[in-house]
Structure formats: structure tokens, C-alpha cells
Amino acid sequence: MTGKISAEPYHIPVMVKEAINFLAPSRGGIYVDCTLGGGGHSREILKVLNGKGTLIGIDQDSEAIKKANAELGNFKNFKAIKDKFENIGSILDACGIPSIDGCLFDLGVSSRQFDNPTRGFSFRFEAKLDMRMDLSDATTAFDLINKLSAKELSDIFKEYGEEQHAKAIAADIETMRKLRPIQTTSQLAELIERRVRFRSAGKRSIHPATKAFMALRIAVNRELQQIETALNVLVKRMNANGIIVAISYHSLEDRIIKNIFREISLKPKEDKYSKSALKKERHAELLTKKPICPSPEEQKLNSRSRSAKMRAVKIIG
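Residues numbered from 1 in each chain as written. Predicted model: local features only at pLDDT ≥ 70, side-chain atom pairs only at ≥ 80, totals over all residues. Heavy atoms only, no water.

A. The arrangement of the overall build of the chain in detail. Secondary structure summary: the chain contains 13 helices and 9 strands in total. Counting every position in the chain, which comprises 317 residues, the buried fraction comes to 49%. Long-range pairs, those at least 24 residues apart, make up 68% of the contacts in the chain between residues at least 6 apart in sequence. Here the chain displays about 16200 Å² of accessible surface, and carbon together with sulfur accounts for 51% of that area. (Helix = DSSP H or I, 4+ residues; strand = E, 2+ residues; numbered from the N terminus. Buried < 20%, exposed > 50% of the residue type's maximum accessible area, 1.4 Å probe, protein only. Contact = heavy atoms within 4.5 Å. Areas by Shrake-Rupley, 256 points an atom, 1.4 Å probe, with all protein chains shown as cover.)

Set out below in C-alpha cells:
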């Protein structure tokens, strides 16, 4: 991959207007875009801040950092940081920021990563099995496919991809790699296709390798663990009335977000053994009782937004 920055959009941001409405940036506030990408959401936050306050943008992909700096470098109150958002606590500490007023997540793989043939995210392109969002990470999809046991692979496909043929696919992989390593996206996709038929999703057909590839990507990048870690840290680093907005793209991400938001928004029970019946307040307020989905118009313009769900929560104190 070269160091050149493409003029094409890095990633089409989803539900921008809705995200900014919930985040409600205030001039002078401190905000974090945990999934910077091409800076689409960040640009809108910066417009509202209008030169005041601070916006920290985080991304683990060095290409995204280059793109965002090129697009947003003229905003003096913006800083891009290459790191994993699960390290949000240490990132804020390094910036001398004890607490923030708002945070945004637009999760999953970016369009640029997915459409880059060299990154190995998609079975649409012939490429080495990689799938790393952060190219400095040691473990690739090749490592998982060729080194994990059939049981471990089956667990990944089942847990992260909800793949009903997980055990059979893992067994086929184990058989194949005894002959030669499985090195490319097409080799893996063809192996899965021999085992699994095309699925139907409404009027669309889903490629047999879709769920397994998604599961591998999640495992390589520890995506679910990162979300849980970051949210649990952020809840403690928000100012009063600070808001967290999260956009997810599959049920596992959404479940983690929903459960954490729900847990912190429940009103604590009274201590029946306490002598004084002090009124206890809930820690947060759900701003979205149900997830917000893209409008039909947005789904038509950006097909990858179809599975998006947005949730938001306000930290009361």
C-alpha cells in the first residue's frame, strides 16, 4: 500500500444528522470521535464547535489518520490520534483531559478498508488473508485460519458470525490445511462455498462466506472486546450530561451497546437494610428507547447503511 491519499471518499458516514442531533455539541466542549475514519462525523462536530472546544479523533488505521489530517488539519481544535479506542482512558490521560462532554462511535470496517483489495477483508477480491484494521498488529486472519484448532475456529464462526455450519466449515479448513496452507481470500471463500449454499435475505442473496468472513474480522481485531472496554471506561470519564452515541452494524455489537446503556440507566434499588431511606438516582438516561435506523432515502443512497442501528445515552452524573 502506498502513502498516497486517494481523492475518493474514505468512508461514507452513516446517519450524520441524527448523530449530531443526539450528541448536541456545545461550543467550548470536549468531544471524542472514537472511529475517525475519513472524518465525516468529525467534520460536522467541528462545524458546530466553530473553532471552540476540542475534538479528539481516534483510529487504529494509519491510512485513516492521514486522510483525516488532510481533510481536517485546518481545524486548530482538532487532534487525530492513531490508537485503538479501547485505550481511550490512556489517550485522554496523555492529552491531559480528565473528562469529556460527548463521544461518538461508528463501528465496523470502513468502506475504504473493505474495498481495498490488499487488505483481505472481502472475498470479492483475491488477496492474502489479512483483515487487520491496524497493520501494526501481529495476528492476521491467515494466522487464525492456519494455526487455531478446528474447535477454536468453530467457536469463532459460531459466536461472532452466528454461522450454523461452523463446525463443518472448521473441519473442512482443518482437512484442507493438512495439504497446504490456506493463504488467500478466494481459497477460503471457495472452501466455504462448497460447504454452504447461498442464503436468501429478502430479495438479495448472501454469499456463503459472508458470516465466516465477518466472524474472522471480528476475531482478528478483537472488535467486541474493544467496544465493551471502551464503553465501560467512558461512562466514568463523562462530564455531567455528557452523551455517548454509538452506531453498530450487526447484532453482536448492538447487543453489547444496548446492555451497557440499559444497565447504567436503570435506577438503583433502595437498600432495604438502610436506616435512612435516601432517594437514589439513576446514573444515566436512555435517549433512544429503541435503536434509530437510517431513513429509506439514506439506505437507497448508501446500501451499507441498511444494517446500521444508533443508540444514545446521557450520563447524568
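B. Molecular detail of the packing of aromatic side chains. Counted by the stated rule, this structure contains 2 aromatic pairs. Where F123 meets F213, the ring centres are 5.3 Å apart and the plane angle is 90°; that geometry is what we call edge-to-face. Here the residue F123 occupies a position in the loop between α5 (111-115) and α6 (141-147), and F213 occupies one in helix α10 (residues 210-221), the gap between them amounting to 90 residues. Residue F123 is classed as partly exposed on the basis of its relative accessible area, which comes to 24%. (Phe/Tyr/Trp six-rings, centres within 6.5 Å; stacked < 30°, edge-to-face > 60°.)

C. Fine view of unusual backbone geometry. With a phi angle near 70°, M131 is a residue other than glycine that sits in the positive phi range. Inspection of the secondary structure puts M131 in the loop between α5 and α6. Although it is not a glycine, R222 adopts a positive phi angle of roughly 50°. Within the secondary structure, R222 sits in the loop between α10 and α11 (223-237). Relative accessible area serves as the criterion here: at 34%, R222 is assigned to the partly exposed category.

D. Examining the pattern of salt bridges more closely. What the rule picks out here adds up to 17 salt bridges. K67 is paired through a salt bridge with E71; the nearest N and O atoms lie 3.7 Å apart. On the criterion of helical spacing, the pair formed by K67 and E71 is a turn pair, its members being 4 residues apart in helix α3 (residues 62-72). Residue classification places K67 among the buried positions, given a relative accessible area of 7%. A relative accessible area of 34% means that E71 is categorised as partly exposed. (Salt bridge = Lys/Arg side-chain N within 4 Å of Asp/Glu carboxyl O.)

E. Region of interest: the nonpolar core. F105 and F157 are the most contacted members of the largest nonpolar core, which totals 64 residues. Ranked by residues supplied to this core, first place goes to α10 with 7 residues. Excluding its chain neighbours within four sequence positions, the residues that come into contact with F157 are I145, E162, E163, A166, I169, A170, I173, A212, A215 and L216. By size, the runner-up hydrophobic cluster in this structure holds 26 residues, among which are A68, L72, F78 and A312. (Core = buried A, V, L, I, M, F, W, Y, C linked by side-chain atoms within 4.5 Å.)

F. View of the pairing of strand β3 (residues 78-82). As paired elements, strand β2 (residues 54-59) and β3 share 5 bridges and run parallel to each other. Within β3, the residue paired with G57 across the bridge is A80. Crossover handedness for the path β2 to α3 to β3: right-handed. (Pairing = 2+ DSSP bridges. Right-handed = clockwise from strand over helix to strand, strands pointing away.)

G. Spotlight on the pairing of strand β1 (residues 30-33). Sheet topology places β1 next to β2; 4 bridges connect them, and they run parallel. When the bridges of β2 are listed, Y31 appears paired with L55. Once you follow β1 into helix α2 (residues 40-49) and on to β2, the crossover reads as right-handed. Strand direction decides the pairing type here: β1 and strand β4 (residues 100-106), joined by 3 bridges, are parallel. Note that in β4 the partner of Y31 across the bridge is G102.

H. Structural view of empty space enclosed by the protein. With the rule as written, the count across this model stands at 1 cavity of 30 Å³ or more. One number sums up the size of the largest cavity: a volume of about 340 Å³. Residue lining of the largest cavity: 29 residues in total, with T35, D59, D106, L107 and G108 positioned closest to the centre. Going through the elements one at a time, α2, β2 and α11 are the ones with two or more residues in the lining of the largest cavity. With 3 residues, the single largest contributor to the lining of the largest cavity is α11. The class makeup of the residues in the lining of the largest cavity is 10 nonpolar, 13 polar and 6 charged. (1 Å grid on protein atoms, 1.4 Å probe; cavity = no way out; pocket = protein on both sides within 12 Å on 5 of 7 lines; lining within 4 Å. Points joined across faces, edges and corners; volume = space filled by probe spheres on them. Nonpolar A, V, L, I, M, F, W, Y, C, P; charged D, E, K, R; others polar.)

I. Representation of the sheet that holds strand β7 (residues 238-248) in the model. Judged by pairing direction, the sheet is mixed, and its 7 strands sit side by side in the order β3-β2-β1-β4-β7-β9-β8 without closing on themselves. Two strands in the sheet have a free side with no partner beyond their single neighbour: β3 and β8 (284-286). With strand direction ignored, the average angle separating the axes of adjacent strands in the sheet is 15°. Against the sheet, α2 makes contact with β1, β2, β3, β4 and β7, and its axis sits at roughly 175° relative to β2, the strand it touches most. Where α3 meets the sheet, its contacts fall on β2 and β3, and the angle it forms with β3 comes to roughly 170°. (Axes fitted to C-alpha atoms, helices over the stretch in contact; angles between N-to-C directions.)

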